[in-house]
Amino acid sequence: MPIERRRGFLSKLSSKISRYNSGSIHTPTQEEKAGFLKAQRLAYQCVTEIEKEIQEGWTELQAVKLMNTFLRDHGVKVFLHRPFAWFGEHARFDGYKRFTQFHPSKRRLQANESFILDVSPVVDGYIGDIGYSSSLHKNPELDNGMRYLLKLRAELPKLFSSSMSSSEIWHKIDQDSKQNGFDNVHSLYPFAVLGHRVYKVHLPSISFPLLPISFASWFSLQGSFEFLSHRVLPELLTPDHEGEKTGLWAIEPHLGRGKTGFKFEEILVVEKDKAYWLDEEVPHVQKYGKLLEAV
């Protein structure tokens, strides 16, 4: 089955299951929010430290290895998925025929290219799944994309606190981004996800190893087990999602223009009457926020 048809089938399947309850659908406690904040900040520390090390000619696999080492050195033993790095056009996912093409490769970073780093460490049982876009040198395409994404970031809490369904939010973002001249790259993800729930992982007495036979060939066995045991499909924000919005979501709008792909990913808190970002002191806001001020 072609990858496009598989995406559509998986999204439709997820919409049916998303009607069911999940333990992740609840108003998070202060303890939970503190735990997720700690995990998210370590994840951002990882990518911003590795950002300083990356050089022209590095491969995606080199960057991934360094991110993995950083997190292991900071006590991380379990991941939802292994670190990802996408350089240049690889961050757009154009023409992919199979899901393994999303994996980090031996592709080398060129001086004029941007890149995306994506990590999801589990810290004290809490998932910190983040994505971060950067470049070696000033990149107008990346700046333009991040300016738009930061405007979208400001709108997302309003959308999630409105009466709109998560499916309607997905389609609004898809339509608005295309009207502004961007390509919807997250529509190319498995399940075409705009995001997914995060939850506290109940860690076993032993840590599962990272093996290539695990879920989607790039998810740790522990991450796969946890995702599946939470009834994975209600946890995914797909174009067909029918479930509730309440809970904690790792939101990851991923867009492209020209030869460049860009995204951010961070945790959005959705309560009964309001929605807000878990943290306002995130690197992409600090780095690209000045672009909004200049408009």
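I will try to describe carefully the structure that is included in this document. (Residues numbered from 1 in each chain as written. Predicted model: local features only at pLDDT ≥ 70, side-chain atom pairs only at ≥ 80, totals over all residues. Heavy atoms only, no water.)

**Observations regarding the nonpolar core**
Core analysis: the biggest nonpolar cluster contains 40 residues, and Val47, Ile54, Met67, Leu71, Leu117 and Val119 have the highest contact counts within it. With eight residues, helix 2 (residues 30-53) is the single largest residue contributor to this core. Leave out the neighbours within four places in its chain, and Ile54 touches Ala63, Leu109, Phe115, Leu117 and Leu136. One finds Leu159, Phe160, Ile169 and Ile251 within the second-largest nonpolar core, a separate group that totals 27 residues. (Core = buried A, V, L, I, M, F, W, Y, C linked by side-chain atoms within 4.5 Å. Buried < 20%, exposed > 50% of the residue type's maximum accessible area, 1.4 Å probe, protein only. Helix = DSSP H or I, 4+ residues; strand = E, 2+ residues; numbered from the N terminus. Contact = heavy atoms within 4.5 Å.)

**Section: unusual backbone geometry**
Phi is positive for Phe93, which is not a glycine, with a value near 65°. Note on placement: Phe93 falls in the loop between strand 2 (84-87) and strand 3 (114-119). You will see that Ala192, though not glycine, has its phi angle at about 55°, which is positive. With respect to the element layout, Ala192 can be found in the loop between strand 7 (183-184) and strand 8 (195-197). Judged by its relative accessible area of 7%, Ala192 is buried.

**Some details on the pattern of salt bridges**
If you walk through the whole model with that rule in mind, you get 18 salt bridges. In this structure, Asp279 engages Arg41 in a salt bridge whose closest nitrogen and oxygen atoms are separated by 3.0 Å. Here the residue Asp279 occupies a position in the loop between strand 14 (275-277) and helix 7 (283-293), and Arg41 occupies one in helix 2, the gap between them amounting to 238 residues. Among the residues examined, Asp279 registers a relative accessible area of 6% and is labelled buried. Of the residues examined, Arg41 reaches a relative accessible area of 44% and is grouped as partly exposed. In the salt-bridge network here, residues are joined through shared partners; they are Asp118, Glu252, Lys263 and Glu265. (Salt bridge = Lys/Arg side-chain N within 4 Å of Asp/Glu carboxyl O.)

**What about the pairing of strand 13 (residues 266-270)?**
Of all the five residues making up strand 13, five are buried; the element is thus mostly covered by neighbouring parts of the structure. Bridging between strand 10 (residues 247-251) and strand 13 involves five bridges; their strand directions are antiparallel. By the bridge assignment, Leu248 is partnered in strand 13 with Val269. Hairpin connection of strand 13 to strand 14: four residues between the antiparallel strands. (Pairing = 2+ DSSP bridges.)

**A word on the sheet that holds strand 6 (residues 130-135)**
The sheet built from three strands is open, its strands ordered 2-3-6 with antiparallel pairing. Two strands bound the open sheet, and with one partner strand each, they are strand 2 and strand 6. For this sheet, the mean inter-axis angle between neighbouring strands, taken without regard to orientation, is 15°. Along the sheet, helix 3 (residues 60-73) makes contact with strand 2 and strand 3, crossing strand 2 at roughly 150°. (Axes fitted to C-alpha atoms, helices over the stretch in contact; angles between N-to-C directions.)

**Side note on the pairing of strand 12 (residues 260-263)**
The alternating pattern of strand 12 places Thr260 and Phe262 and Gly261 and Lys263 on opposite faces, both of which are buried. When strand 11 (residues 254-257) meets strand 12, the two strands line up antiparallel, connected through four bridges. Paired with Gly256 across the bridge in strand 12 is Gly261. Between the antiparallel neighbours strand 11 and strand 12 lie two residues, among them Gly258 with a positive phi of about 60°.

**Observations concerning the sheet that holds strand 13**
The strand order across the open sheet formed by five strands is 9-8-10-13-14, and the pairing between neighbours is antiparallel. With partners counted over all chains shown, the strands left at the sheet margins are strand 9 (236-237) and strand 14, one partner each. Where strand 8 and strand 10 come together, three bridges link them in antiparallel fashion. Pairing of His196 across the sheet is with Ala250, part of strand 10. In the packing of helix 2 onto the sheet, contacts are made with strand 10, strand 13 and strand 14, and the angle to strand 13 comes to roughly 160°.

**Side note on the packing of aromatic side chains**
Counted according to the given criterion, the structure contains eight aromatic pairs. Between Trp86 and Phe93 the ring centres are 5.1 Å apart and the planes differ by 80°, which places this aromatic pair in the edge-to-face class. Their ring planes at 75° and their centres at 5.9 Å tell us that Phe264 and Trp277 sit as a pair that is edge-to-face. Separated by 13 residues along the polypeptide, Phe264 in the loop between strand 12 and strand 13 and Trp277 in strand 14 bring together distant segments of the chain. Of the two residues examined, Phe264 and Trp277, each falls in the buried class. The structure contains a cluster of three or more aromatic residues connected by ring pairs, namely Phe84, Trp86, Phe93 and Tyr189. Sitting over the face of the ring of Phe182, Arg257 holds its NZ or CZ atom 4.1 Å from the ring centroid. (Phe/Tyr/Trp six-rings, centres within 6.5 Å; stacked < 30°, edge-to-face > 60°. Lys NZ or Arg CZ within 6 Å of the ring centre and 35° of its normal.)

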